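For reference, the chains in residue letters:
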Amino acid sequence: MMKNPDRVVLPALQAELSAATNRLLATAASLSDADLGAPSLLPGWTRGHVLAHVAQNAGSHLNLLAWARTGVRTPQYASLQARATAIEAAATRPVARHLADLEEGAARVAAAIRDMPDECWSARVEGMRPPPHPAWYLLVRRLREVGFHHVDLDAGYGPADWPEPFVARELHDCRACWPRDGGTVSEIVLRSQSGGIVARWPRLGSGPAVEGAPAAVLAWLTGRSGGEGVTLVPMGRLSTPDPAALPAPPPWLTATAPADLPATPPEDYP
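Described in the following lines is the structure provided in the data block. Predicted, not measured: the structure shown is a model, and the values here were computed from it. (Residues numbered from 1 in each chain as written. Predicted model: local features only at pLDDT ≥ 70, side-chain atom pairs only at ≥ 80, totals over all residues. Heavy atoms only, no water.)

### Digging into the overall build of the protein
Stated formally: The helix and strand labels rest on DSSP assignments: H or I over at least four residues marks a helix, E over at least two residues marks a strand, and numbering proceeds from the N terminus. Atoms counted for the radius of gyration: C-alpha only. Globule rule: 2.2 Å times the number of residues to the power 0.38. We call two residues in contact whenever any of their non-hydrogen atoms come within 4.5 Å of each other. Charge counting treats Lys and Arg as positive and Asp and Glu as negative, with His and both chain ends excluded. A single reference atom marks each charge: NZ on Lys, CZ on Arg, CG on Asp, CD on Glu.
Secondary structure assignment for the protein yields 7 helices and 6 strands. The N-to-C order of helical and strand elements in the protein reads α-α-α-α-β-β-α-α-β-β-β-α-β. Against the 2.2 N^0.38 benchmark of 18 Å for 270 residues, the protein shows a C-alpha radius of gyration of 19 Å, consistent with a compact globule. With the C-alpha coordinates aligned to their principal axes, the bounding extent of the protein is approximately 60 × 55 × 35 Å. If you take every contact in the protein between residues at least 6 apart in sequence, the share linking residues at least 24 apart comes to 62%. Across the protein, the mean location of the 24 positive side-chain charges is 4 Å away from that of the 27 negative side-chain charges.

### Topic: the packing of aromatic side chains
For the record, the criterion: Under the pairing criterion, centres of Phe, Tyr and Trp rings, with the six-membered ring standing for Trp, must be within 6.5 Å; the plane angle then separates stacked pairs below 30 degrees from edge-to-face pairs above 60, leaving the rest tilted. Type-normalised accessible area, obtained with a 1.4 Å probe on protein chains alone, sets the label of each residue: buried when under 20%, exposed when over 50%, and partly exposed for intermediate values. A ring is considered to have a charge above it if a Lys NZ or an Arg CZ atom is located within 6 Å of its centre and within 35 degrees of its normal.
A complete count under the given rule lists 7 aromatic pairs for this structure. The interplanar angle of 85° and the centroid separation of 5.5 Å between the aromatic rings of phenylalanine 148 and phenylalanine 166 together place this pair among those described as edge-to-face. With a gap of 18 residues between them, phenylalanine 148 in helix 5 (residues 138-152) and phenylalanine 166 in helix 6 (residues 164-176) connect regions that are remote in the sequence. An identical accessibility class is assigned to phenylalanine 148 and phenylalanine 166; each is buried. Here a set of aromatic residues connected by ring pairs shows up, and it is made of Trp136, Tyr137 and Tyr269. The side chain of arginine 83 reaches across the aromatic face of tyrosine 77, ending 5.6 Å from its centre.

### As for the layout of surface pockets
The cut-off we apply is this: Using protein atoms alone on a 1 Å grid, points that fit a 1.4 Å probe yet trap it form a cavity, whereas open point sets bounded by protein on both sides within 12 Å along at least five of seven lines form a pocket; residues with an atom within 4 Å of a point count as lining. Grid points are joined across faces, edges and corners, and a volume is the space filled by probe spheres set on the points. Gly is put with the polar residues, along with every residue not named as nonpolar or charged; the nonpolar set is Ala, Val, Leu, Ile, Met, Phe, Trp, Tyr, Cys and Pro, and the charged set is Asp, Glu, Lys and Arg.
Of the volumes computed, that of the second largest pocket is approximately 540 Å³. If you go around the second largest pocket, you meet 24 residues; those closest to its centre are Val167, Ala213, Pro214, Ala215 and Ala216. Of all elements in the fold, only helix 6, strand 3 (187-191), strand 4 (197-201) and helix 7 (214-221) reach the threshold of two or more residues within the lining of the second largest pocket. For the lining of the second largest pocket, the element with the most residues is helix 6, which contributes 6 residues. The residue inventory of the lining of the second largest pocket, partitioned by class, reads 15 nonpolar, 4 polar and 5 charged.

### Focus on the nonpolar core
The criterion, for reference: Residues belong to a common nonpolar core when they are buried Ala, Val, Leu, Ile, Met, Phe, Trp, Tyr or Cys residues joined through side-chain atoms within 4.5 Å.
Within the largest apolar cluster, 44 residues are counted, with the highest numbers of intra-cluster contacts made by Trp121 and Trp136. Where this core is concerned, the elements lending two or more residues are helix 1 (10-29), helix 2 (47-70), helix 4 (95-115) and helix 5. Judged by nonpolar contacts, the second largest core, of 25 residues, contains Phe148, Phe166, Ile188 and Ala216.

### Some points on helix 2
Owing to its 3.6 residues per turn, the α-helix brings residues three or four apart onto one side. Inclusion rule: Here a helix's expected span is defined as the number of its residues, less one, multiplied by 1.5 Å. We call two N or O atoms a polar contact when they sit within 3.5 Å, provided that within protein one can donate a hydrogen and the other can accept it, with sequence-adjacent residues counted only if both atoms are side-chain atoms.
Between the first and last C-alpha of helix 2 there are 35 Å, a value that for 24 residues agrees with the 34 Å anticipated at 1.5 Å per step. In terms of burial, helix 2 is a largely internal element, 19 of the 24 residues being buried. Capping the start of helix 2 is the job of one residue whose side-chain oxygen sits 3.2 Å from the backbone nitrogen of glycine 48: threonine 46. Backbone geometry just downstream of helix 2 places glycine 71 in the positive-phi region, at approximately 80°.

### What about the packing of helix 1 against helix 5?
Test applied: Axes here mean lines fitted to C-alpha atoms, for a helix over just the part in contact, with angles spanning 0 to 180 degrees between N-to-C directions. Each angle is binned into one of four classes, with values under 35 degrees roughly parallel, values over 145 roughly antiparallel, values of 65 to 115 roughly perpendicular, and all other values oblique. Less than a right angle of anticlockwise turn of the near helix away from the far helix marks a crossing as left-handed, whereas a clockwise turn marks it as right-handed.
Two elements in contact, helix 1 and helix 5, have axes whose closest approach is 10 Å; the angle formed by their N-to-C orientations is 25°. When the interaxial angle is binned, helix 1 and helix 5 end up roughly parallel. Crossing of helix 1 against helix 5: the hand is left-handed. Between helix 1, through Leu10, Leu13, Gln14, Glu16, Leu17, Ala20, Thr21, Arg23, Leu24 and Thr27, and helix 5, the contact on the second element is made entirely by Leu139, Val140, Arg142, Leu143, Val146 and His150. Partitioning the contact of helix 1 with helix 5 into residue classes produces 9 nonpolar, 4 polar and 3 charged.

### Here's the deal with the packing of helix 6 against helix 7
Packed helices, taken two at a time, are described by the angle between their axes plus the distance between the axes. In the contact formed by helix 6 and helix 7, the axes pass within 10 Å of each other and the chain directions differ by 50°. Judged on the interaxial angle alone, helix 7 and helix 6 are oblique. For the element pair helix 6 and helix 7, the recorded crossing hand is left-handed. From helix 6, Phe166, Val167, Glu170, Leu171 and Cys174 reach across to helix 7, where they touch Pro214, Ala215, Val217, Leu218 and Leu221.

These values are about where atoms sit, not about what they do.
Okay, here's the thing in structure tokens:
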């Protein structure tokens, strides 16, 4: 039997998604048409490309929500080329058009989530990359798109502005999707602002151990920073880590989702 949706993670993710979307809309509304032509943090993309992608990603999530609701396989995008072409075509639109597209897409996603039959949240869907995952995880994926691409705008919202639940969840999934062939670091130590250890990830691969605040580590792992706030773990009391010695983050193709997600929405995630 499906759990009571009021007792699982869905309402919390819905509220978090609404707040994250509102923050992104506020940043977008602060930009001028000229601002949209400036480079984003994503190579080859302007801010206009980023906003066009986030708006169109809402439509892709509607496709997957429809798949879960109807049982009819509905690809997230027609193809990678179609996705790229649509983003390119929309990138140069004025701010007002981008805002309208973002607001409409967000409203449609919120309505589709609200109206989803409880039993459909366990349906299996799949994005452009494997593995398949239960439909409830679509809320996590949409939050990821909004949160990461908000930073990619390079418009005053940075990794330090990510809410703690977002950082904790994305770090959890980074570790769950860690490349099987190891990585460029042997261990990651997450530290609080006071310097205490929040978590330790041992036996990750070859290379040095690194440490940093959770948001700084997440930004580094996902390519949202050059490693600011992440340092080598000192080897002894007299050791002074060399910032220039920080390795590149592990090269990987980010998985759509962890492979072992529960079929039904859990009470909390992670």
